Amino acid sequence: MKNELKKTLAVLETLNKCVDEHIISDKYFEKKYQIINDLDRLDQESDKLINLLENTTITSFNKIMEQLCFLHMNLNNYAGYIDRISDAIKLSIDFYKEKTLLNRIPHD
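Analysis parameters
Residues numbered from 1 in each chain as written. Predicted model: local features only at pLDDT ≥ 70, side-chain atom pairs only at ≥ 80, totals over all residues. Heavy atoms only, no water. Helix = DSSP H or I, 4+ residues; strand = E, 2+ residues; numbered from the N terminus. Buried < 20%, exposed > 50% of the residue type's maximum accessible area, 1.4 Å probe, protein only. Contact = heavy atoms within 4.5 Å. Areas by Shrake-Rupley, 256 points an atom, 1.4 Å probe, with all protein chains shown as cover. Patch = residues over 30% accessible without salt bridge, like charges linked within 9 Å, V, L, I, M, F, W, Y side chains within 5 Å. Salt bridge = Lys/Arg side-chain N within 4 Å of Asp/Glu carboxyl O. Expected span 1.5 Å × (residues − 1). pLDDT = per-residue confidence, 0-100. Core = buried A, V, L, I, M, F, W, Y, C linked by side-chain atoms within 4.5 Å.

1. Structural notes on the overall build of the protein
Secondary structure assignment for the protein yields 3 helices and 0 strands. With 108 residues in all, the protein has 24% of them scored as buried. Considering only contacts within the protein whose residues lie at least 6 apart along the sequence, 72% involve residues at least 24 apart. Approximately 7900 Å² of the protein is accessible, and the part contributed by carbon and sulfur atoms is 55%.

Written as structure tokens, this is what we have:
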């Protein structure tokens, strides 16, 4: 998934550089790439939590629930990060759609 997100951002950057007025700033892209790097951290944390739950000798219901809550938070963060990447795609689509429609309108 992360490779596909990186490739998507690379395509958006290329498209962005092809227009006279950049749709998205370089700083915006930098933040999106950082999000993808953050996904690595979330993957590692989630793997640890899942392994702990799979191989656990935890007998305390509260401890198990705590680990499940941490896992749930990580998965929600993951989904939120993907939404932020999706926002960059939507921003580009909206701009190109607007630009295409404006080019079809005759100018005096």
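Let us keep going from here.
2. A short note on a nonpolar patch on the surface
On the surface, a cluster of nonpolar side chains totalling about 290 Å² of accessible area is made up of F61, M65 and L68. Along the chain, F61 falls in helix α3 (residues 61-104).

3. A short note on helix α2 (residues 26-54)
An α-helical turn contains 3.6 residues, so a residue and the one three or four places further along point in the same direction. With 29 residues, α2 should cover 42 Å at 1.5 Å per step; its first-to-last C-alpha distance of 42 Å lies within 8% of that length. Within the span of α2, buried status applies to F29, K32, I35, I36, D38, L39, L42, S46 and L49.

4. Structural notes on the confidence of the model for the protein
For the protein, per-residue confidence averages 83 on the pLDDT scale, and 89% of positions sit at 70 or higher. Mean pLDDT in the protein bottoms out at α3, which sits at 83, and peaks at α2, which reaches 88.

5. Some thoughts on the nonpolar core
Core analysis: the largest hydrophobic core is formed by 16 residues, its most contacted members being L9, L39 and I85. Secondary structure elements with two or more residues in this core: α1 (2-18), α2 and α3. Not counting the four nearest positions on each side in its chain, I85 is found in contact with L5, L9, K32, I35 and I36.

6. Thoughts on the pattern of salt bridges
The final tally for this structure, using the stated rule, is 4 salt bridges. Residues K2 and D40 are paired through a salt bridge, measuring 2.9 Å at the closest nitrogen-oxygen approach. Here D40 lies in helix α2 and K2 lies in helix α1, a separation of 38 residues in the sequence. Among the ionic pairs, E66 bridges to K63, the shortest N-O distance being 3.8 Å. Within this pair, E66 and its partner K63 are both found in helix α3, separated by 3 residues, close to a single helical turn. With relative accessibility at 34%, the residue E66 sits in the partly exposed group. You can call K63 partly exposed: its relative accessible area is 44%.

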